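Report on the structure
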Amino acid sequence: MGDLVEQLVHGLTLGSLYAMVATGLALMFGVVRLVNFAHGEFYMLGGYAFWYAYRVLGLPYPVAGVAAAAATAVFGLAYERTVIRTILARTWHVQLIATLATSITLTNLAIIVFGTQPKEVPTMLSSAIAEVGGVRLAWQRPVVLVAAVVVFAGLEWFVTRTKLGKAMRAMSQNREACAVVGVDVQRVALATFGLSAALAGAAAALVSPLFNIFPDVGALLTLKAFAAVIVGGFGYVKGAIAAAFLIGVAESLAAGYLSYAYKDAIAFVVMVAVLLVRPQGLFGRRIGI
Amino acid sequence: MALFETRGLTKRFLGVTAVDAVDLRIEAGELVSLIGPNGSGKTTLFNCVTGYLPSDAGRVFFHGRDVTGVSAHRIARLGVGRTFQLVSVFPRLSALENLLTFLQQHQEEGVLTRLVRAPRVRRYEAVAVERAMMLLDSVGLAARASAPAGRLSYGQRKLLAFAAALMPDPELVLLDEPASAVNPTMINQMKEQIRALHRRGKTVLLVEHNMDVVMDISQRVIVLDHGQKIAEGPPEAVRRDPKVIEAYFGR
Amino acid sequence: MRALRWSLGGTFLVAVPWIVAAVAPGQQRYILHVLIFTALYGALALSYDLVVGHVGSLSLAHPAFFGIGAYTAALLTTEAGWPFAAALPAGIAAAGLIALAVGVPMFRLTEHSFAMGTLGFALVAQIVATNWVEFTRGPLCVTGIPKPELGPLRIATLPAFYWMGLTAVGLVGLLYHGLTTARLGRAFHAVRDNEMLASAASIHPLKYRMLAFVIGGAVAGGVGTLFASYVGVLCPTELAVSLSVNLLVMLFLGGVGSLRGVVVGAVAFTALPEILRMAPTWRMVIYGLLLLLIVIRAPDGLEGVIRHRSAAWRRPSSGA
């Protein structure tokens, strides 16, 4: 029983990670209708930024975390301004290849700059183990979950209470109407990228103490985040979050009870299964962030 | 037995009923127009009966045979030709090649004969080219046969799409707004083409907003509003029908 | 006239091992090695172009089919003692059958989802190759793959492998040409350029997408088999997703959808990095940046540039 609880908590931790990354992907698709195949690299860069701030500069954990999220956000803004802006009006083939090319470039640059050895960033919370009723967990895990909940609550507040957030939501529903009504479409697109990148960076700061940082971490993460977006219904952020947790728990249970080596295939299997049975996603064609 | 029939055809989108239990009956050789205010479900109906959209309820019959839910390419194969509201051609192919593409599935003989240029295959190609040139000539595009379709003007592309739809000699021709977004000369040309088509014995169903065209060439007019059929009859009768007037003006 | 050019070109290509031996004797081994890889990549790129360039399906699954063909042949020859003449068709068949099985669910997905689905499949294939150690030897690799023997013919020397590669790319080129011209080519292109209109022309989009996907996958499997027999060792890293990026670079730089363009792209992107002695990581950075640049600025690649230039030379056609 204790084993099951541990696996579930692991699954929820994973789910928090996937959900934060998937939210960024879903936001980008919702607001500017673009699929960013380099999204996992936001996480990777965030992870290295966190490592640098925490391990190399020696900043305290929360400061390092915020710094990582901020650095990733800046990168996201730069990426939108340079690459994304030129491909927004192009066909999805061009967008796919361009973002895929960016992904490969960033991954290999990371190998050159940081080397292939994974960077470890243990924190006090990841080394401290809690023992509750026969269940052993690193404190970091519940912290991740709580942080994720806080982040999502913050996002909901942002989208319903702030002008920028409301503009994002409006754009996801009807972009042309927004341009007509005077919404600064370009600014909103830019902000969306910054926000999505920050989410990935924050996720990296939260989760890197548990899983290490290495250059290819982005590839699998993009796939799993995408699986969550597809399963949740393209363009529906809350659906993506729910699907991400589902995938995280499924992966953890599969790793624990079926086979550790093939756990990464679970997201793919879930995605294909859902698509075959219910191609519009678990929650139907609901749009909206 | 009617050539083409729908019974209770229904299509819903996210809570909106775009096509609401529509019954249509088109006899062979008729020229019928489908009209209605914007958003009344005309193009959705077209897409449902030609296999591009699955319907939620009701049945579609062609030659008495139930073709509900049959995919678009198979409905085309059965002898239903259509044009699209947003004029649709193969931009990278020449006008001639565009037309040849529409006939080639009817000449299919298997992969092997395709890869080995057998004499029989070459004869088919010759016949196809002859028919294509004849059709291009009838719409006045013979001189542009080798021009890439993407470089033709909007009106020329409309005529090309029209000719292409006729290439496999379909019995039923569905035209989606043939007179829209073109100049008056082109409109007249289109009207003539449709009349000529009708004279040759084809059955034509068209969706159209241009009332002059509708009144001028149709034998019968069907009116949709909010997905429902609200009137049906000869053009003059429909024009004076109070329900129709209300649908268009009385909001 | 054309026949003469083809014969001359063909003779030259066949004579390359001797030409190289005469011109650069010390470098012969290295040059032939590069040329063999170029030929194999050329064949692989052509098979990929069938799917991406001619039917417009942006599949990222090609590395998996390459790997499936390679592993099938490698294991059949090392474990079951199969001769090459049987292992090659087995590799092609295995890749083709799996392409068929994977294609059915994949083609129910649209656009990005299809790309992601195929990417996922490629990743899973690599995961399986790496972890199913009892079967594939995982990271320890399949070693001792025997050199091909076709009856009395034993392909063991570099020139022999070069001719094998040349034959492969020649045959694939012929197949490519046959599939992409005349009515079949028109059907593929109709599905690529306007799927809705293709349906209205009685063309079954799924049938043609599957046809290109399965043939492309099967040929990739065949190339994988040849690759495994040449290198003699097969590791899961050969199924890396970055192979898709390499192929995309070849296609887009050379000219997607054009036989000459793809071959030029393959030559440029296999031979050049070798000649420049680029480290693999830097090579990928440059490929990535190049791909980004090409796809944004010149999506028709070199072929498009050449066609554009030659059209400017010719007089504009009459008949406005």
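Our subject is the structure listed above.
The structure reproduced in this document is the subject of the present report.

Turning our attention to the overall build of chain B. A tally of helices and strands in chain B yields 10 helices and 10 strands. The C-alpha atoms of chain B give a radius of gyration of 19 Å, which matches the 18 Å a tight globule of 251 residues would have. Seen through its principal axes, chain B has C-alpha atoms that stretch 60 × 40 × 35 Å. In chain B, which comprises 251 residues, the proportion classed as buried is 44%. For chain B, the proportion of contacts with a sequence separation of at least 24, taken over those separated by at least 6, is 68%.

Glancing now at the overall build of chain C. Per the secondary structure count, chain C includes 14 helices and two strands. Taken over C-alpha atoms, the radius of gyration comes to 20 Å for chain C, in line with the 20 Å a tight globule of 320 residues would show. The proportion of buried residues among the 320 residues of chain C is 52%. For chain C, long-range pairs separated by at least 24 residues make up 76% of all intrachain contacts whose partners lie at least 6 apart in sequence.

With that out of the way, let us pick up the nonpolar core. Grouped together as the largest cluster of nonpolar side chains are 283 residues, with contacts concentrated most on A:Val21, A:Ala22, A:Ala203, A:Ala227, A:Ala228, A:Val229 and C:Leu291. Residues within four places of A:Val21 in sequence aside, it is in contact with A:His39, A:Tyr43, A:Ala200, A:Ala203, A:Leu221 and A:Ala225.

Glancing now at the interface of chain A and chain C. With 33 residues of chain A at the contact, the number on the chain C side is 31 residues. When residues of the side of chain A that touches chain C are traced back to their parent elements, those giving at least two are α3 (61–87), α4 (92–114), α10 (217–232) and α12 (264–277) of chain A. Partitioned by chemical class, the residues of the side of chain A that touches chain C number 27 nonpolar, five polar and one charged.

Here we come to the packing of helix α6 (residues 140–161) of chain A against helix α7 (residues 163–173) of chain A. All names here are of chain A. Contact geometry for α6 and α7: axes closest at 5 Å, N-to-C directions at 85 degrees. Between α6 and α7, the angle falls in the class roughly perpendicular. Taking contact as the criterion, the partners of Phe158, Val159, Thr160 and Arg161 in α6 are, on α7, Gly165, Lys166, Met168 and Arg169.

On to the sheet that holds strand β1 (residues 4–13) of chain B. Residues and elements named next belong to chain B. On the basis of which strands lie adjacent, the open sheet formed by four strands has the order β2-β1-β4-β5 and antiparallel pairing. On the outer flanks of this sheet lie β2 (16–26) and β5 (65–66), each paired with one strand and no other. In this structure, strand β4 (residues 57–62) lies alongside β5, joined through two bridges in antiparallel fashion. Opposite Phe62, over in β5, you have Arg65 as the bridge partner.

This part takes up the sheet that holds strand β7 (residues 172–176) of chain B. All names here are of chain B. Overall, mixed pairing links the six strands, which are arranged β6-β7-β8-β3-β9-β10 in an open sheet. Both outer strands of the open sheet, β6 (80–82) and β10 (228–233), are each paired with one neighbouring strand and no more. Between one strand axis and the next, the sheet turns through 20 degrees on average, direction left out of account. Inspection of the sheet shows strand β9 (residues 220–225) paired to β10 by five bridges, in the antiparallel sense.

This paragraph deals with the packing of helix α2 (residues 28–54) of chain C against helix α7 (residues 158–180) of chain C. Residues and elements named next belong to chain C. Their axes nearest at 9 Å, the elements α2 and α7 cross at an angle of 15 degrees. By the angle class used here, α2 and α7 are roughly parallel. Handedness of the crossing formed by α2 with α7: left-handed. Taken together, the residues that form the contact of α2 with α7 break down as 18 nonpolar, seven polar and one charged.

What follows concerns helix α11 (residues 237–257) of chain A. Across its 21 residues, α11(A) extends 30 Å between first and last C-alpha, which sits within 8% of the 30 Å expected from 1.5 Å per residue. Within α11(A), 15 of the 21 residues are buried, which leaves it mostly tucked inside the rest of the structure.

With that settled, the discussion passes to unusual backbone geometry. Unusually for a residue other than glycine, B:Asp169 sits at a positive phi of about 55 degrees. Relative to the helices and strands, B:Asp169 resides in the loop between α6 (154–166) and β7. Although it is not a glycine, C:Arg137 adopts a positive phi angle of roughly 65 degrees. Mapped onto the elements, C:Arg137 comes out in the loop between α6 (133–136) and β1 (149–150).

Thresholds applied
- Residues numbered from 1 in each chain as written.
- Chains lettered and ligands numbered in written order.
- Predicted model: local features only at pLDDT ≥ 70, side-chain atom pairs only at ≥ 80, totals over all residues.
- Helix = DSSP H or I, 4+ residues; strand = E, 2+ residues; numbered from the N terminus.
- Rg over C-alpha atoms; globule rule 2.2 N^0.38 Å.
- Buried ≥ 20, exposed ≤ 12 C-beta atoms within 10 Å, placed from the backbone.
- Contact = placed C-beta atoms within 7 Å.
- Core = buried A, V, L, I, M, F, W, Y, C linked by C-beta atoms within 7 Å.
- Nonpolar A, V, L, I, M, F, W, Y, C, P; charged D, E, K, R; others polar.
- Axes fitted to C-alpha atoms, helices over the stretch in contact; angles between N-to-C directions.
- Parallel < 35°, antiparallel > 145°, perpendicular 65-115°, else oblique.
- Pairing = 2+ DSSP bridges.
- Left-handed = near helix turned anticlockwise from the far one by under 90°.
- Expected span 1.5 Å × (residues − 1).

Remember, this is a structural readout, not a statement about activity or role.
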